[in-house]
Amino acid sequence: YYWPMMGRAGAVMRMLDYAGVPYKHKSEFGEIASVCGAFGAQTTVFAPPVVVDGDYTISQSTATAMYVGKKCGLTKGMDEDKALQILADLIDTFENGIGAAADKGGSSLKQFFEDGEPSRFAKLMGNIERNIQGPYFFGASLTVPDFVLAALTDWQDFTKLERLKKEKGFDPWSGYPKAAAVVAAVRALPSYKVNQLQVVRDGFYAKDELFAAYR
Ligand SMILES: N[C@@H](CCC(=O)N[C@@H](CS)C(=O)NCC(=O)O)C(=O)O
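Looking at an unreviewed UniProt entry, one finds the protein chain named GST N-terminal domain-containing protein, with Haptolina ericina as its source organism.

Here you go:
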């Protein structure tokens, strides 16, 4: 259950696509509301994405990703405890980091990315980079954190960072070759290209003001 886009459900859908596991994406408001506490349902999950697998229901993008990734067999070489740390680190870097800074405006985003030696962003991304054994987080095989990194990067790139690079010349990923390679590898999967669902729906692209205030 998720809105009609990849958004926070991106990792779950990409893993199911990659593993060839059939699923139904329920994206209408009434369907989403029927399972989410946020919309009044008396369930144990609050907000989308929600995964329902038989009589098992789970939410939170990171928890759903871990549940689905395990079901899809995307665990080869993965240390599950360390993977949970990495998923939380990724949320801190992307949602609580980039996303929260951008919500405060362009100058906050610039400060987050570029102020300090190293910047807060550089410290967070340095940690992510050092967690990638190479070529993927846990070595030779794609596992859950690789798909979560790619989904979070897709969201930030498509909502704002590709435009930021074009207009301001700042490429956040240039200093992190291992992370960039993970994202490129996931984007190059045939299953990634086959699923044409939009990553971002209208209304979620960063506004002109953000770029104007990035100085
Ligand atoms: N921390 C949650 C955030 C969930 C969330 O904010 N979901 C959004 C869509 S991406 C939503 O529709 N929330 C409804 C609400 O909070 O009322 C996660 O990672 O899944």
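**Q** Got a minute to help me understand the environment of Val35 in this structure?
**A** Mapped onto the elements, Val35 comes out in the loop between α2 (29-33) and β1 (50-53). Its relative accessible area of 11% is what places Val35 among the buried residues. For Val35 and Asn131, which are 96 residues apart along the polypeptide, the C-alpha to C-alpha distance reads 35 Å. Among all residues touching Val35, those that are not within four sequence positions of it are Tyr1, Ala41, Thr43, Val45 and Val50.

**Q** Is there a simple way to think about the site of the ligand in this case?
**A** Around the ligand sit Tyr2, Trp3, Arg8, Ala38, Phe39, Ala47, Pro48, Pro49, Gln60 and Ser61, and that is every residue in its neighbourhood. With respect to the ligand, the side chain of Trp3 contributes an N or O atom lying 2.8 Å from an oxygen atom. Between the ligand and Pro48, the relevant distance is 2.8 Å, taken from a nitrogen atom to a main-chain nitrogen or oxygen of the residue. Bound to the protein, the ligand loses 67% of the 510 Å² it would expose on its own. For the shell around the ligand, the per-class residue count stands at seven nonpolar, two polar and one charged.

**Q** Help me understand the pattern of salt bridges in this model?
**A** Note that side chains of opposite charge can pair when their charged atoms are close. Per the counting criterion, the structure on display carries nine salt bridges. Ionic pairing is found between Asp53 and Lys71, a salt bridge with its closest N-O pair at 2.9 Å. Here Lys71 lies in helix α3 (residues 61-71) and Asp53 lies in strand β1, a separation of 18 residues in the sequence. Of the charged contacts, one joins Asp157 and Arg187 as a salt bridge, the two residues approaching to 3.0 Å between their closest N and O atoms. Placement of the pair is Asp157 in helix α7 (residues 144-168) and Arg187 in helix α8 (residues 177-187), with a sequence separation of 30 residues. Here the residues in one salt-bridge network are Asp154, Asp157 and Arg187, joined through shared partners.

**Q** Looking at this structure, how should I read the side chain of Thr153?
**A** Turning to its location among the elements, Thr153 is positioned in helix α7. The class for Thr153 is buried, based on a relative accessible area of 3%. Among the polar contacts listed, one links the side chain of Thr153 to the backbone oxygen of Leu149, at a separation of 2.7 Å. Those residues in contact with Thr153, other than ones at most four positions away along the chain, are Phe94, Trp173, Val183 and Arg187.

What counts as what
- Residues numbered from 1 in each chain as written.
- Predicted model: local features only at pLDDT ≥ 70, side-chain atom pairs only at ≥ 80, totals over all residues.
- Heavy atoms only, no water.
- Helix = DSSP H or I, 4+ residues; strand = E, 2+ residues; numbered from the N terminus.
- Buried < 20%, exposed > 50% of the residue type's maximum accessible area, 1.4 Å probe, protein only.
- Contact = heavy atoms within 4.5 Å.
- Near = heavy atom within 4 Å.
- Polar contact = N/O pair within 3.5 Å; in protein donor to acceptor, adjacent residues only side chain to side chain.
- Areas by Shrake-Rupley, 256 points an atom, 1.4 Å probe, with all protein chains shown as cover.
- Nonpolar A, V, L, I, M, F, W, Y, C, P; charged D, E, K, R; others polar.
- Salt bridge = Lys/Arg side-chain N within 4 Å of Asp/Glu carboxyl O.

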